[in-house]
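Understanding the architecture of this molecule
Chain residues, written in single-letter form:
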Amino acid sequence: MSNPTCFNIRVYGVCIRNKQLLVTDEYVMDTYMTKLPGGGLEYGEGPVDCLKRECREEMGVEITVTGHFYTTDFFQPTRFFKDTQLISIYYLFQLPEHHNLKFSRKKFDFENERNGSQSFRWIAIRDLNPEEMTFPIDKKVVELIKLNFPTP
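Residues numbered from 1 in each chain as written. Predicted model: local features only at pLDDT ≥ 70, side-chain atom pairs only at ≥ 80, totals over all residues. Heavy atoms only, no water.

**What to know about the nonpolar core**
Counting residues in each nonpolar core, the largest one holds 17 residues, and the members touching the most others are V14, L36, Y90, V141 and I145. Contributions of two or more residues to this core are made by β1 (6-14), β3 (20-28), β6 (64-71), β7 (84-94) and α2 (136-148). For V14, the residues in contact, after removing those within four places along its chain, are L21, L36, F69, Y90, Y91, L92, F93, V141 and I145. L22, C50, L95 and W122 belong to the second largest nonpolar core, which has 16 residues in total. (Core = buried A, V, L, I, M, F, W, Y, C linked by side-chain atoms within 4.5 Å. Buried < 20%, exposed > 50% of the residue type's maximum accessible area, 1.4 Å probe, protein only. Helix = DSSP H or I, 4+ residues; strand = E, 2+ residues; numbered from the N terminus. Contact = heavy atoms within 4.5 Å.)

**What to know about a nonpolar patch on the surface**
Among the surface-exposed residues, M29, F80 and F81 lie close enough to one another that they form a single nonpolar patch of about 280 Å² accessible area. Within the secondary structure layout, F80 lies in the loop between β6 and β7. The partly exposed category is assigned to F80, whose relative accessible area is 31%. (Patch = residues over 30% accessible without salt bridge, like charges linked within 9 Å, V, L, I, M, F, W, Y side chains within 5 Å. Areas by Shrake-Rupley, 256 points an atom, 1.4 Å probe, with all protein chains shown as cover. Salt bridge = Lys/Arg side-chain N within 4 Å of Asp/Glu carboxyl O.)

**Focus: the layout of surface pockets**
In this structure, the largest pocket occupies an estimated 430 Å³ of space. In this structure, the largest pocket is lined by 26 residues; those nearest its centre are R10, Y12, M33, F80 and F135. Sorting the residues of the lining of the largest pocket by element identifies β1, β3, β4 (31-35), β5 (38-40), α1 (47-59), β7 and α2 as the ones contributing at least two each. Within the lining of the largest pocket, the residues separate by chemical class into twelve nonpolar, seven polar and seven charged. Counted as a void, the second largest pocket has a volume near 320 Å³. (1 Å grid on protein atoms, 1.4 Å probe; cavity = no way out; pocket = protein on both sides within 12 Å on 5 of 7 lines; lining within 4 Å. Points joined across faces, edges and corners; volume = space filled by probe spheres on them. Nonpolar A, V, L, I, M, F, W, Y, C, P; charged D, E, K, R; others polar.)

**Details of the sheet that holds β6**
Hydrogen bonds between backbone groups are what pair the strands of a sheet, and the pairing can be parallel or antiparallel. Taken in spatial order, the four strands of this open sheet run β5-β1-β7-β6, and their pairing is mixed. Where the open sheet ends on each side, the last strands, each with one partner, are β5 and β6. In this sheet, neighbouring strand axes are inclined to one another by 25 degrees on average, regardless of whether the strands run parallel or antiparallel. Of the strand pairs in this sheet, β6 and β7 are connected by six bridges, and their pairing is antiparallel. Among the inter-strand pairings, H68 is bridged to a residue of β7, identified as Y91. Against the sheet, α2 makes contact with β1, β6 and β7, and its axis sits at roughly 110 degrees relative to β6, the strand it touches most. (Pairing = 2+ DSSP bridges. Axes fitted to C-alpha atoms, helices over the stretch in contact; angles between N-to-C directions.)

**Side note on the pattern of salt bridges**
Applying the stated criterion across every chain yields a total of eleven salt bridges. In this structure, R56 engages E62 in a salt bridge whose closest nitrogen and oxygen atoms are separated by 3.4 Å. R56 sits in the partly exposed class, given a relative accessible area of 37%. Of the charged contacts in the structure, one is a salt bridge between E132 and R121, with a shortest N-O distance of 2.7 Å. Residue E132 is found in the loop between β8 (117-124) and α2, and its partner R121 is found in strand β8; the two are separated by eleven residues along the sequence. A relative accessible area of 8% means that R121 is categorised as buried. Three or more residues joined by partner-sharing salt bridges are found here, namely E42, E45, R53, E54 and E57.

Laid out in structure tokens, this is it:
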């Protein structure tokens, strides 16, 4: 194992509505990925402010953070940066009652396939499969969601 020389802190949101989880499909760094909404913590901001900023930037909405859900509790090297350890923080959040966010029913439903492309969709909790998520920490979070939000 290499010795990571720095940390990458990411902050993501868990939005559950009508027994469904909000996910984002993205094409970033020439990679297709399915993950939870959120992104990188910037110097000088707290994790909750990071999630709110990311949701404003990516979804154009002001969210309400309702609580902490999970923080990485195992070693995870980053996929994209050498010698960097990833730490991810997940918060529960709610979308505003009225918004213009568009949702798709299919994966990677982009108008243009270019770096930065993104679409959002809902997955029923009963149908969630950790393997559908791209990153190892998100896979663990999906398992925790299934445990904490059981559906018949």
